[in-house]
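# Survey of secondary and tertiary structure
The chain contents come next:
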Amino acid sequence: MWLRSFAVAFVLHVSVAGANAAGPFGSVSVGNWIGGAFSNDQTGAFSHCAATTPYANGVILVVSQNAAGTWSLAFASPSYRFNKGESAAIDVTFDGQEQARLYATAYQSNMLTAIMPLKVVRTFQKASLMVATAGRAVLNFDLTSTGPVISALANCVSKVKADGLDKAGDFTKSAAKPAATAERQASPPASGKPARSKSGTGFVVSASGHIVTNHHVVDGCAGDIKGNLTGEAAMVLRIVSSDSNNDLALLQAPSTTTFKDFARIRDRSIRSGDSVVAIGFPYHGLLTSDFTVTTGIVSSLSGMRNDSRFLQVSAPVQPGNSGGPLFDSTGHVVGVVTGKIPALRIAAATGNIPENINFAIKTGVLRDFLDNSVVPYQTAEPKSELKTTDIAANARPYTMLISCNGTEQADAKR
């Protein structure tokens, strides 16, 4: 009974990515599962829908879907004592047959949270038994009622996004099928608007295949978004979350894809005058099919009109570099390339053509975005400097060409 009481209290304070959540608004009540919709305490905006249920083994399962459509599975217990930011691999087996590895992070001391790819969500929804293994710990979970819970949570997200938190009600009624809302699909081309190829760059930031790029790279994509490592076959990527205000997007590779390595984010602030290396795929189809490498320095710690979210760098970038990694001299990510100053517009206004004025999104903004998307990225302290050739070689296994077909209408908005 005490565990049930803890689960009830826990759902009132459940958080998905470290930020406190207020709620629940409305209700999800299926079997032993309870929950509802939640808002971010700081902003008041809708954050996610979640439901919890306690087990006799002392663990509480928390299933949630956030406003961007990303599914999460969390394991909580009053006996857990994790360090915040601690990560762990959890192997889950459904009905003794289908297996998956989840990468979980402790955003609270008593809970580990992992992103659930859509394939795992569908298996979780249909299965009767889940066995979770982490290190030497092996736990069994009866998945009774998970089917209607997944449907109710998907219904909760779609209803709240359409009607707002003030109209939240019983989300178990007329629950939508989760497949319709769990994965964001790109809109088809507008009638009469021909599709045209568009491309940019992205880089892998987690062992589970999360890929960072710019929002404007994938905005307006029609059909599949594809990712290519140099010399390898294309894979279809799905959008996990996107932030148009900070021009960031998070994609994910298929669960069957493995990566040899992924980028590490610099754990210290970079300084004006520090050397940087930009890697990306500019003018794809016109220039080389391999990525290009350019070097420069940090010219300023702010962007246009003193925008502190950006770095100004002298490393030359071109269309197609957008979304690519900006490295320091030790090979750690210090920014996400986002664009260059509009030279013709500045020339028309001033009579002078600006040179080597380019911008990258700072890692503080990137890390906030990844934290909100519940991504288990890694940071590293800068150590010994590397040659530019070594930085490029190390980046090859995780720097990716991002491409799709976009409508002329979408391109006109950029």
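These numbers were taken from a predicted model, which means no experiment stands behind them.

### A short note on the pattern of salt bridges
Applying the stated criterion across every chain, the model contains eight salt bridges. When the shortest N-O distance is used, the salt bridge between R101 and D91 registers 2.8 Å. Placement of R101 in strand 7 (residues 98-108) and of D91 in strand 6 (residues 87-94) is noted, with a sequence separation of ten residues between them. Exposure remark for R101: the relative accessible area of 47% places this residue in the partly exposed category. D91 sits in the partly exposed class, given a relative accessible area of 29%. Taking the shortest distance from any N to any O, the salt bridge between E381 and R268 comes out at 3.3 Å. With a gap of 113 residues between them, E381 in the loop between strand 23 (379-380) and helix 7 (388-395) and R268 in the loop between strand 16 (265-266) and strand 17 (275-280) connect regions that are remote in the sequence. According to the relative accessible area criterion, R268 is partly exposed, its value standing at 47%.

### Structural notes on the packing of aromatic side chains
Under the defined criterion, the tally for this structure stands at six aromatic pairs. Ring geometry for Y55 versus F141: centroids 4.9 Å apart, planes at 90 degrees, classification edge-to-face. Residue Y55 is found in the loop between strand 3 (46-54) and strand 4 (60-66), and its partner F141 is found in strand 10 (residues 137-142); the two are separated by 86 residues along the sequence. Every member of this aromatic cluster is reached through a ring pair, and the members are Y55, F75 and F141. In this arrangement the basic side chain of R396 is found over the ring face of F291, its NZ or CZ atom lying 4.5 Å from the centre.

### Focus on a nonpolar patch on the surface
Taken together, the side chains of Y283, L286 and L287 make up a nonpolar region of the molecular surface, amounting to roughly 320 Å² of accessible area. Along the chain, Y283 falls in the loop between strand 17 and strand 18 (292-300).

### Examining the state of the cysteines
Considering all chains together, one arrives at two disulfides under this definition. Residue pairing for C49: its cysteine sulfur links by disulfide to C156, the two sulfurs lying 1.9 Å apart. Note on the C49 and C156 pair: the S-S dihedral is about -75 degrees, so by sign convention the disulfide is left-handed. A residue pair is termed long-range when its members are at least 10 positions apart, and C49 in strand 3 and C156 in helix 3 (residues 146-163) qualify at 107 residues. Taking relative accessible area as the criterion, C49 reaches 0% and is therefore assigned buried. Among the residues examined, C156 registers a relative accessible area of 0% and is labelled buried. For C221, the disulfide goes to C404, at an S-S distance of 2.0 Å. What sets the handedness of the C221 and C404 disulfide is the S-S torsion sign, and at about -70 degrees it is left-handed.

### Overview of the confidence of the model for the protein
Predicted confidence across the protein gives a mean pLDDT of 83, with 84% of residues reaching 70 or more. At the level of individual helices and strands, the protein shows its lowest average pLDDT in helix 8 (residues 408-413), which scores 42, and its highest in strand 20 (residues 325-327), which scores 98. In the predicted structure, residues 1-19 sits below a pLDDT of 50 and forms 51 contacts with residues beyond four places in sequence or in another chain.

### Observations concerning the packing of helix 2 (residues 118-126) against helix 3
Interhelical geometry of helix 2 versus helix 3 gives an angle of 135 degrees and a closest axis separation of 6 Å. Relative to helix 3, the element helix 2 is oriented oblique. Between helix 2, through V121, F124 and Q125, and helix 3, the contact on the second element is made entirely by T146, G147, I150 and S151. The residue inventory of the contact of helix 2 with helix 3, partitioned by class, reads three nonpolar, four polar and no charged.

### Describing helix 6 (residues 363-372)
Three or more residues of helix 6 are buried, namely T363, V365, L366, F369 and L370. An end-on view of helix 6 places all buried positions within 155 degrees of arc, on one side of the element. The positive-phi residue at the C-terminal boundary of helix 6 is V374, with phi of around 55 degrees.

### Describing unusual backbone geometry
Phi angles above zero are rare outside glycine, and R305 is one such case at about 50 degrees. Assignment of secondary structure puts R305 in the loop between strand 18 and strand 19 (310-313). With a phi angle near 60 degrees, N306 is a residue other than glycine that sits in the positive phi range. Within the secondary structure, N306 is located in the loop between strand 18 and strand 19. Residue N306 is classed as exposed on the basis of its relative accessible area, which comes to 66%.

### Notes on the pairing of strand 5 (residues 71-76)
Along strand 5, six of the six residues are buried, which leaves the element largely enclosed by surrounding structure. Neither face of strand 5 is left uncovered, since the one carrying W71, L73 and F75 and the one carrying S72, A74 and A76 both have all their residues buried. Counted along the chain from strand 4 to the antiparallel partner strand 5, the turn is four residues long, and its residue G69 has a positive phi close to 95 degrees. Two strands pair when backbone bridges link them, and strand 5 and strand 8 (residues 111-116) are joined in this way by six bridges, in the antiparallel orientation. Bridge pairing links A76 to M111 in strand 8.

Reading the values: rules and limits
- Residues numbered from 1 in each chain as written.
- Predicted model: local features only at pLDDT ≥ 70, side-chain atom pairs only at ≥ 80, totals over all residues.
- Heavy atoms only, no water.
- Salt bridge = Lys/Arg side-chain N within 4 Å of Asp/Glu carboxyl O.
- Helix = DSSP H or I, 4+ residues; strand = E, 2+ residues; numbered from the N terminus.
- Buried < 20%, exposed > 50% of the residue type's maximum accessible area, 1.4 Å probe, protein only.
- Phe/Tyr/Trp six-rings, centres within 6.5 Å; stacked < 30°, edge-to-face > 60°.
- Lys NZ or Arg CZ within 6 Å of the ring centre and 35° of its normal.
- Patch = residues over 30% accessible without salt bridge, like charges linked within 9 Å, V, L, I, M, F, W, Y side chains within 5 Å.
- Areas by Shrake-Rupley, 256 points an atom, 1.4 Å probe, with all protein chains shown as cover.
- Disulfide = S-S within 2.5 Å.
- pLDDT = per-residue confidence, 0-100.
- Contact = heavy atoms within 4.5 Å.
- Axes fitted to C-alpha atoms, helices over the stretch in contact; angles between N-to-C directions.
- Parallel < 35°, antiparallel > 145°, perpendicular 65-115°, else oblique.
- Nonpolar A, V, L, I, M, F, W, Y, C, P; charged D, E, K, R; others polar.
- Arc of directions from axis to C-beta.
- Pairing = 2+ DSSP bridges.

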